[in-house]
Amino acid sequence: MATQKILVTGLPRTGTTSLCITALNLGYKTAHTAYTKQAIKDANFLADTPVFADFEKLYTLYPSSKIIHLTREFEQWLPSIRRLMSSMRANLLSQQGGFNDTIKRCYLDTFPNFEQHFEDDDYWLTCYNQHTSKVRHFVASNQIENIEVMLTDADITTKLAQFMDCPGQNIRIPHVNINGKVTAWKWFQHSNKIDSTRNGKSDKDATLYNSTI
């Protein structure tokens, strides 16, 4: 298995957990969320937080990385991201505790003032489109090897097999975290799974990328 990193730049609720489980089964050391320098260093397949917000920083540290930009039909993504953000709202906005600083920064930078625009479909569409445009511009400007896919694409397994250097392998993509559930990764056990934290503790956000390589 190649040690080259693959960064998944898709937003939350685009199928990142399903793709990460697929990567585990293809032999990739995989982190679905990474909140320590060690997790970032050890994984060669990274998705979700902080990748969707920090892919430029990660690519600077690992300039041989490839990028998978995972997308989803907006009409399906919208109710899913709303459910997620509703469940995360209190911890994201808490001034005393709640989520770690990396989670707060990534979500609040990507979805600024979301609580004020929660019921506005155009707000979420703008956030989604701005993110996609940012990724496309970055990969084009830096000539990064990349693919942009939806997990519902008819030829998704062929695309992934070629891009992930697994030609001929029987790729199966599980359908997880449906009906509002978001914890499939937490309970999934695999020898290639990289822990997001260090015994439940995260590195300080300001130091997350210091000496990561």
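Scope of this entry: the structure provided in the associated data block. Small disclaimer: the values here were computed from a predicted structure and weren't measured.

Some points on the side chain of Arg-105
So, step 1. With respect to the secondary-structure elements, Arg-105 resides in helix α5 (residues 101–110).
So, step 2. Side chain to side chain, Arg-105 and Asp-205 meet in a polar contact 2.6 Å long.
So, step 3. Not counting residues up to four positions away in its chain, the partners in contact with Arg-105 are Asp-54, Lys-57, Asp-205 and Tyr-209.

Some thoughts on helix α6 (residues 121–142)
So, step 1. Between the first and last C-alpha of α6 there are 32 Å, a value that for 22 residues agrees with the 32 Å anticipated at 1.5 Å per step.
So, step 2. Turning to α6, its buried residues number three or more, namely Tyr-123, Trp-124, Cys-127, Tyr-128, His-131, Thr-132, Val-135, Phe-138 and Val-139. The buried residues of α6 occupy one face: seen down the axis, they fall within an arc of 165 degrees. Relative to its buried face, α6 has exposed residues pointing more than 90 degrees away, namely Asp-122, Gln-130, His-137 and Ala-140.
So, step 3. The secondary structure elements touched by the buried residues of α6 are α3 (51–61), β4 (66–71), α4 (74–93), α5 and β5 (146–150).
So, step 4. You can read the cap of α6 off the contacts: a side-chain oxygen lies 2.9 Å from the backbone nitrogen of Asp-122, and it is on Asp-120.
So, step 5. Directly beyond the C-terminal end of α6, a positive phi value near 50 degrees is found at Gln-143.

Description of the packing of α3 against α5
So, step 1. Packing of α3 against α5 leaves a shortest axis separation of 9 Å and a crossing angle of 100 degrees. Comparing the axis directions of α3 and α5 gives the class roughly perpendicular. Residues Phe-52, Ala-53, Asp-54 and Lys-57 of α3 form the contact with α5, whose participating residues are Arg-105, Cys-106, Tyr-107 and Thr-110.
So, step 2. Of the residues in the contact of α3 with α5, the class split is four nonpolar, one polar and three charged.

So, how was this worked out
Residues numbered from 1 in each chain as written. Predicted model: local features only at pLDDT ≥ 70, side-chain atom pairs only at ≥ 80, totals over all residues. Heavy atoms only, no water. Helix = DSSP H or I, 4+ residues; strand = E, 2+ residues; numbered from the N terminus. Polar contact = N/O pair within 3.5 Å; in protein donor to acceptor, adjacent residues only side chain to side chain. Contact = heavy atoms within 4.5 Å. Expected span 1.5 Å × (residues − 1). Buried < 20%, exposed > 50% of the residue type's maximum accessible area, 1.4 Å probe, protein only. Arc of directions from axis to C-beta. Axes fitted to C-alpha atoms, helices over the stretch in contact; angles between N-to-C directions. Parallel < 35°, antiparallel > 145°, perpendicular 65-115°, else oblique. Nonpolar A, V, L, I, M, F, W, Y, C, P; charged D, E, K, R; others polar.

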